[in-house]
Structure formats: structure tokens, C-alpha cells
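Here is what each chain is made of, one letter per residue.
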Amino acid sequence: MMPVFSKVTLFVQCMVDAMAPDAAMGMVRLFDRLGIGTGFPEDQTCCGQPAFNAGYRTASRKSAMHFIQVFENAECIVCPSGSCVAMVRHHYPELFAGDLHWLERAEKVGGKIFELTEFLVDVLHISDVGAAYQGIVTYHDSCHLLRTLGVGPQPRELLSHVRGLTLVEMVQSDRCCGFGGSFSIKYPAISTALVADKIDRILETGADTVVGCDMGCLLNIEGYLTRMGHPVKVKHIAEVLAP
Amino acid sequence: MTQNHRASFINRVRQSLGPDIGPADVRQARIFPQTSDAVTQNLLQTVQSRTTQERETLLTVLMDQALPLNLHVTPVADPAEAAQQIAALVRQKNPEWGEKKALIRWSHPLLDALELESVLADQHIPVHITAMDPHADLQKQRQVIREKTIDSFMGITAADYCVADTATIVMKTYPHQGRAVSLLPAVHVAVITLDQILTNLTELYAVLDDYEKNTPKNGLTHHMVFISGPSKTADIELTMVHGAHGPKEMHIFVVRA
Amino acid sequence: MDDPFTTEKYTAKSRQAISDKRLQGALAGVQGRLGPATQKMYTSQPEGAGIRQQAHEIRQRCIENLDILLETLADKVAENGGQVFFARNAAEAVSYCLAVAKKHGVRTVVKGKSMVTEEVGLNQALQGEGIDVAETDLGEYIIQLAGEKPSHIIAPAIHKTKEQVAQLFAEKLGIDYTPDPGVLTQAARAALREKFLAADMGITGCNLACAQTGHITTVSNEGNIRMSSTLPRVHVAFMGMERVVATLKDHDILFRLLSSGAAAQKLGGYVSYVGGPGPADYPDGAEAFHLIIIDNGRSRMLADPAFREMLCCIRCSACLNVCPVYGKIGGHAYGSPYSGPVGAVVTPLLAGLNRAQDLCFGETLCGACKQACPVDIDLPRMLWELRFRLAEGDETWGAAPVSRPEKYAMDAFAWLTCHPAAYRAALFSASRMQTLVGAKEGPIRQLPGPLAGWTRSRNLRKISSRPFRSQWKSRKQPD
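It should be emphasised that the depicted structure is a prediction, and the values quoted were computed from it without experimental measurement. Counting of residues starts from 1 at the beginning of each chain's written sequence and follows it residue by residue. Throughout, the order in which chains and ligands are written sets their labels, letters from A for the former and numbers from 1 for the latter. Only residues with pLDDT of at least 70 are given local features in this predicted model, and only at 80 or more are side-chain atom pairs given and counted; all residues enter the totals for whole chains, interfaces and linings.

1. Points about the environment of C:Gly331
Residues and elements named next belong to chain C. Put simply, the rule is: Helix and strand assignments come from DSSP, with helices taken as H or I runs of at least 4 residues and strands as E runs of at least 2, each series counted from the N terminus. C-beta atoms are first placed from the backbone for all residues, and any pair lying within 7 Å is then listed as a contact.
Along the chain, the position of Gly331 falls in the loop between α14 (324-329) and α15 (340-351). As for Gly331 and Ser151, which are separated by 180 residues in sequence, their C-alpha atoms are 3.9 Å apart. Apart from the residues within four sequence positions on either side, Gly331 is in contact with Pro150, Ser151, His152 and Ser339.

So, in C-alpha cells, the structure goes:
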């Protein structure tokens, strides 16, 4: 039985907002098709993850407080980014460990924020969203989505019901692509070596499209694919699932 | 000698643990339980009431587990059959270093029962023994035993326990039992009895713990070793090679009677 | 002083490792073989999925009672005729060992593999006294002949091909060039047998001592540690102070997991318990046994709740066998005997946070190590903690903030995120300004300043001229 949701609040994530708006629009159309209203608090900005990962917790806390204020009254928050949801659920409690008031508010938000595929499959119990996509697709598991949130079967479940889509698994789909946030800029040689391996794995599948749930990974993979001149398309799962 | 800083060292550790660790005697009692828990008691009970049939099943497990480890396990009816098997091995194998064949063994009732000295008499192969005479020159005896161990191409030991699941023999070190007997010669032969076989490491540790708790001083002895097959290494390109520094070959004979 | 931890060295060694095709193949081989195999072993234990958590609880309990365990261990070893020395730092550990060597007229030493002896610089100190030190673990033996450092905790010579070893042995041992692991192992076996038989002193590490019974333990497969602790007349064991458990029962789960994590084995081929010298009327065994227990910065980790968990580590190397970064840069880039994820945490804590900062920043925080750790240590959490201390400074650890410009940038961005109107304006200007760094059409191919690291090898999609928030504004709501 599908739980009744009249509306979800979207946290689209800074990178999706700025660089993959089609994916976010696709998400909106998807919820339209499912008969679920969508809200987008305009004051949303960033969850504070980049600062946290780089160790700047004071700065991160500021962004986190703003995030909590923007979203704490939402009924349910959906986000097309596994790493952001991991940040809110798992790191906000660390950020506010010494502050009972903010900790409580953070945990409240953490209890009602979901990554997109997690929401569709685990909360709405929907595996077939009525989508269609012609192509051979291989799926990349983002590290925080998979290991922190435990989301791995859900995207595959959704992709397997997309009409016209053939899903092929790459070897080591769960091996880090080398993005790691500022790691990709500070340690470019290692980052490039890792993404080069990932591209090899993708090419080995013969897929024409690689799909993922996290924009950081996708930008990294796409960046190397296009520089090397490979025609493999890079899509956020929201784009593939969108009507 | 250099000054030992035990007090300040431990003090530093204690301080690092913080002020809320609680009184030492309470912590001591909690971390070193004086009696074994229910699980251990059950295991000991299981071991003690094990039937011969159940032990035979364990023997089958042992043989299965030994296979991929390049460990040869052979059941024999009695010590005499074990001795025959060992004699056959001696005939087949060539010494690794030098030409002469010699054996070295522990002084142990089960190994005495093999009567290897007479079984191998026709092959003219010396069977050295690591027995010590406490009244004679100890250093000299140790030196002689060491040389004999170096010159032996096969070492024979008994064992205290055998673990079927991991194909492991467990050997404490009692008087007249050379540690190098299972180490220096290229072939190690262990002779055990069926009733020494335990199921797995959990059972082993229950038995060891029980023995240790009931023995007034150092029940595990000053040296105990678990051996699960011949020596090996994969340090070169992860390629498995048997016979690194310890024995290249290992045999266990399980005496049923 | 030749500092192994400079960013230049880290970068240079990383690049060197990445371009070394043979090394890449070797690392892929180790990780391909052991990574998945280890996972399988964890799930096939009778305790089920909770076994790693159980192991964690055992280790945590031991660490929290470390003072009691160490005193109990020391008393029991002394009761059994052994000598225990508590070394507060590397210098004390080394000088005690030298004193023991001098007292016993030691000229030759055989060594089992021990990372803590690398940590304290033992070999150089012994050699400085004219004592011959032979590493006897095959991998350590190889790198000692080659004059190199270990590149993996369990398989120190993993970076060497059989051809390289064959060449090395031909030069140093005078045998024919034979790139066959069996033949090469036999050559090492013969050469080292002589050393074992002639050595005055054997030096080993300790995997997990048992306080209840007063024994150190060593786990191996080759037999070299047994040789080193049985044949020479003096045995010295080095032990990091955290490498101890309370009871025999603790060994059950931990040895199974250690063997799984290290080599995907059910149990290491040789597990030895040594509790003291043998009585004089026994046929063999060392006449003197010395246990050196080392702090060298571990009590500092113990005192910090954020890092105490790291002392639960049993040095199995399971984390190395899954780490994507280690799989690219190999062990030498870490400049420390502790490499891989464990090295990324332990090395800064022991050697200095600022000094070894590249080790904890040069990780992607992918979390594979946490999944692979048999004791369920949350390594990523501690990497995040180290980064926090390095970003904002930390008095306890003497960490200085790594980059003021970066801090200002982060503060500025944080300010923007708290002021949505300004954030939107910044987004708008960024989308306009990016034409300055790229062609009108197509991706960005060149980013300025510190961001250039990305575009050296990758393109970057442009910021959309119509970000989602603009599209949302103009979208028609459905009825």
C-alpha cells in the first residue's frame, strides 16, 4: 500500500541546481506524474558538506543551521544527492553534538530527509515509475549513497523497470570514482588515476550511458569521458526516470 | 641496565583513560572473570561426552580441511600401523640438506609406542630423541640436540589437541620436547589420537581456558604453538609456495586405538 | 633531516606509483584477490554478521582497561622468567634493546616482520653498533636486500615482480637468474637457514599478547618468526602497548578475524604463544626473553576520545586491500611503515598532524575501509576528525591551521549559504563569468588558480544559464 503523500519538499543540491537543472526538473515532473505535489523553498542553498569534508566545521555548522531553518517544517524532504542526505543524517549530529537544542532540530530534519531512489522504493514502494529510455545503461554506486545510506538495490530496481533500458553491471561498480570533493582538485593525479579506472570499467560494459545518483561523481566521470573523447552519455538517474 | 619506567608508563596510561574509569578492583574482576561462562561450560560438557562416532565425524572434517592446506592426514588403527606409514615415508623421501637420512623425535609415551628405532633398524636410520638428562651438562646436551635436529630430515612430534575446522595441531612445550623438531627438519610428522580432535577454535579455547584456570602455574607452558600445515609464503607476486622457512611437508597420523 | 612527509615527496611518489604499470598490476592483484575473499570470510563465520561488532567490543574493552592488562601481562611474564621493559618512546625502546644485545654479546640478529620496530628505527640503531640484522620474512628479506622500505603491512615486497626478485637474488645471492617464485623462495630458505642457526638474538613483534596467561603471540605462515623466537639464545619481542587482550577467549574471534583480514585464511599457519624463556633443562628455546612494551604516542591517542578507537587495530591490512587510493599510490607514498587507511590515521597521530597531513587529506573518504575492517573501526570518522583539527587548528595535537586562504574561502561561502539573496546573486555572476574561462559553447576546459587541478585531465560542465531555481520560478503549477 502506497503511503499517502500529498507533497514533498525538494532539496535540489547546489550542483544539481547549478549544473544539472534538467535532472531536478525531471524529478519535479516525476512527482507530477505520481500525483505528488512538490515544494521548493527558495532560500535553500547548501547543506554544508564541502566545508565539513575539508574540516571546516565552524563554517559547515553555519550552512547546516540555515539548512535546518529552511527545512525543519517540511513534512518530507527529497534530495537527488546521496552525499547530502548522508551529511544531514550522519554528520549533522556530529556538528551539533555539544548543543542539545540544535541537535534535536538536526535530528528531526534527519529523520525526514530521503535520497530520491530511496524515497521512491523504500517509502513509496514504487519500482516502476512509468519511465522510458532507449539505451544500454551501466550504474555507478556513489560511495556515501551506498556505504553510509545503504542504497544500492533501489536505483537498480528502478532502472530495471524503465522501458527500453538494458541494465549492465560494470565490474567494481562500487569502487570510488576519485571525486572525493576537494580531493579531486588537491590531488589531481590520484583522482585522475581513479576516474580513469572507472572509465575503463564503464567502457568494458559496452554501455552507451552511465547513470548515477550523485552529481559530484557524475561531473567527475563526465569530465574525463568528454576530455578523452568517449561518446558515453552521463545522466543523473532523475533524468532517466523523468517522464 | 637502562632504567625501567613502568610506574610512569602505567600512570600515563591510567591518566589517559580519564578520571571516570572506576576503581581498579572492580575493573579487574570484570575483565578477568574467575569462572567460565555458560557457553564455555556447555562446550566442555560437549567435549567430555563426545562419542567415538562423533569423533570419527570430526576426523572426516579434519581430512577435508587439511586438503587445501597441503597437509596430509592419515587415520591408522594403532601405533604399529603409524610406525609402518612413517617407515614408508622415510623410504620415499630424500633429505633436503646432504645425503644422510636421520629422524628426530620427542620423548613422549605415544611416540615411544611407535617403536620407530626397531621399525627403521633395517634402513639403518638413526632416530634421535630430544630427551634431556637433568643431571648431566645441560648446555652440552642442548648443543648436541640442536645439531641432531639440524641433521634430521624428518621430525616426529605428538600434540596436545587437534582442531578439525582449521586442521590445526596444538603443541605446548613439556620436558624433553624439542620445539625445533617441528620446525627445522623438512618433513614434520605429528602423531595424535582420535580423542584429541576438537571441533573448532572456540572449543579449543574453552578447553585451554579451563586447563589454564585449573593449573596452578602456567598451564599453557612457556611456549605453545598452533600449526595448520606446512610452511608457506605468497610474498612474491602473491604466488603460493610451500616450504618457506619451516617444514615443506607435513603429515598427521591419527591413531584410532 | 630527510623528512619523508613533505607534500613534494607525497606527490612525487604518488605520481611515480601511478605511472608504474607493474606496480599497478601488483596492487590490483592484491586487492582483487584479497578484497572480496576477506568479505566472504567475515560472512561465513559461525557468529554471523555481528562478528565484527563483537570483535570491536572485545578490543574496546581491552583498550579501556589497558593499564590493568599491561600490568597483569608484565607480572605474569616476569613470573615465568621473562623481563619486561616499558618504553615511553622510540629512543627508550631502542636503547634497551641495544643494552640487551650488548649484555649478551650479540653480533647477529634475525628478525620477524614487525612494523613497530620500523616505527622506532630499530634496524639502523643495531647496525650502527655493528650488529648484523637479517630480516627473515621473505618479503622483508627481499626489500632489505634491495635497500627499500616495505610497501604493504602483510606483503612488504608486493611492489616487486618475480623478474625483479630474480635479478636481485642473482646479484646478491649469486644464484642463476630464475624468475620462478618456488626457486626464489628456496634460495631465500637456504640463505636464511644459515642465518637462523648462527644468530645470537631473535627479534619479533607481537600480534596480540594475552594478559590472562602472560604470553605474547605471533601469527605467520612462513616459520621465520618461530625460528627467530626458538633458535637464538636471546629473544626480544617488541609490542605496541595496545596489542594486548585480556583473556584467551578474546583470541578466538580475533585470531580468526586477523587471519581473514590479512590473507583470507581461516587461521594463520603458525600461531605461537611465548611466555618466557624455557627452563634450562629443556632441549631448546631462548635462554632469555625480553618484552619491550612501547608507548611512543599511543597514550596520546588513548587520551583523545575521538582517536581512542584507532588503538583497537590489529594490523591485519584488510583496509589496504580495499582502499582505492592505496591501490593507486602504493605503500611508499605514505612515508611510513603504516600505509593505507590505517596509515592515514595512525601516521599523523604518531608523527605529527601537519607533517603527515597529505595522508589524511589524500583520501576520498569512500568508506570501503570501514566495511573491510574486521574490528569495525570507523576509519573515515577519524579521517574527518583529523581534517577538522588541521583545518581549524588544535592545541592538544599541536596542529596549525593548514590554509588561511582556504579558511577564508570557506567562511565566505558559508556566509553566502546563509544569505540566500546573495547566494543567488553569486550563482548568477558565476554563470556569467564562466565564459571567461571557457568557450561559449561546450564544457570548461581550463579553470584558474587552485582549481586547475581538475581541468588538467578533465572537462567541467558549465553552470547552466537557467539554474533549477530560475526554471522553478517560471514553471506552471499543475491543477
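2. Thoughts on the pairing of strand β7 (residues 234-240) of chain C
Residues and elements named next belong to chain C. Heads up, the rule is: Once C-beta atoms are placed from the backbone, each residue is buried if 20 or more other C-beta atoms lie within 10 Å of its own, exposed if 12 or fewer, and partly exposed for counts between those two. Two strands qualify as a pair provided that DSSP identifies no fewer than 2 bridges between them.
In terms of residue burial, β7 counts as a mostly covered element, since 7 of its 7 residues are buried. Burial of β7 is two-sided: the residues Val234, Val236, Phe238 and Gly240 facing one way and the residues His235, Ala237 and Met239 facing the other way are all buried. As defined by bridge partners, strand β4 (residues 201-204) adjoins β7 across 4 bridges and the pair is classed as parallel. Bridging across to β7, Thr204 finds its partner in Ala237. Where β7 meets strand β10 (residues 288-294), 7 bridges bridge the pair, whose relative direction is parallel. Counted as the bridge partner of Met239 is Ile293 from β10.

3. Overview of the packing of helix α4 (residues 57-71) of chain A against helix α19 (residues 404-418) of chain C
Spelled out, the test is: Fitted lines through C-alpha atoms serve as axes, helices being fitted only where they are in contact, and the angles separating the N-to-C directions of these axes extend from 0 to 180 degrees. Note on terminology: angles under 35 degrees are roughly parallel, angles over 145 are roughly antiparallel, angles of 65 to 115 are roughly perpendicular, and the others are oblique.
Orientation of α4(A) relative to α19(C), taken along the N-to-C sense of each, is 10°, at an axis distance of 8 Å. It follows from the interaxial angle that α4(A) and α19(C) lie roughly parallel. Residues A:Ala59, A:Lys62, A:Ser63 and A:His66 of α4(A) touch α19(C), and the partners they reach there are C:Met410, C:Asp411, C:Ala414, C:Thr417 and C:Cys418.

4. Looking at the domain arrangement of chain A
You'll often see interface size given as the accessible area lost when the parts meet. Residues and elements named next belong to chain A. To be explicit about the condition: Domain segmentation is taken from an automatic or database assignment of domains. In the scheme used here, Gly and all other residues not listed as nonpolar or charged are polar, with Ala, Val, Leu, Ile, Met, Phe, Trp, Tyr, Cys and Pro taken as nonpolar and Asp, Glu, Lys and Arg as charged.
Split into domains, chain A comes out as domain 1 (7-121) and domain 2 (127-241). Using only C-alpha atoms to locate each centre, domain 1 and domain 2 end up separated by 22 Å. Between domain 1 and domain 2, the contact holds 28 residues from the first and 25 residues from the second. Elements represented by at least two residues in the side of domain 1 that touches domain 2 include exactly α1 (14-19), α2 (21-33), α3 (49-53), α5 (82-95) and α7 (116-123). No other element matches the 7 residues that α2 contributes to the side of domain 1 that touches domain 2. Grouping the amino acids of the side of domain 1 that touches domain 2 by side-chain chemistry returns 16 nonpolar, 8 polar and 4 charged.

5. Here we look at the arrangement of the chains
A comparison of contact numbers over the 2 pairs of chains in contact places chains B and C at the top. Structurally, chain A and chain B remain out of contact, their C-alpha atoms never closer than 19 Å.

6. Digging into the interface of chain B and chain C
With 63 residues of chain B at the contact, the number on the chain C side is 75 residues. Among the secondary structure elements, those contributing two or more residues to the side of chain B that touches chain C are α1 (6-16), α2 (24-31), α8 (138-151), α9 (201-213), β9 (223-227) and β10 (232-233) of chain B. In terms of residues, the side of chain B that touches chain C owes the most to one element, α1(B), which gives 7 residues. Class assignment of the residues belonging to the side of chain B that touches chain C gives a composition of 28 nonpolar, 23 polar and 12 charged.

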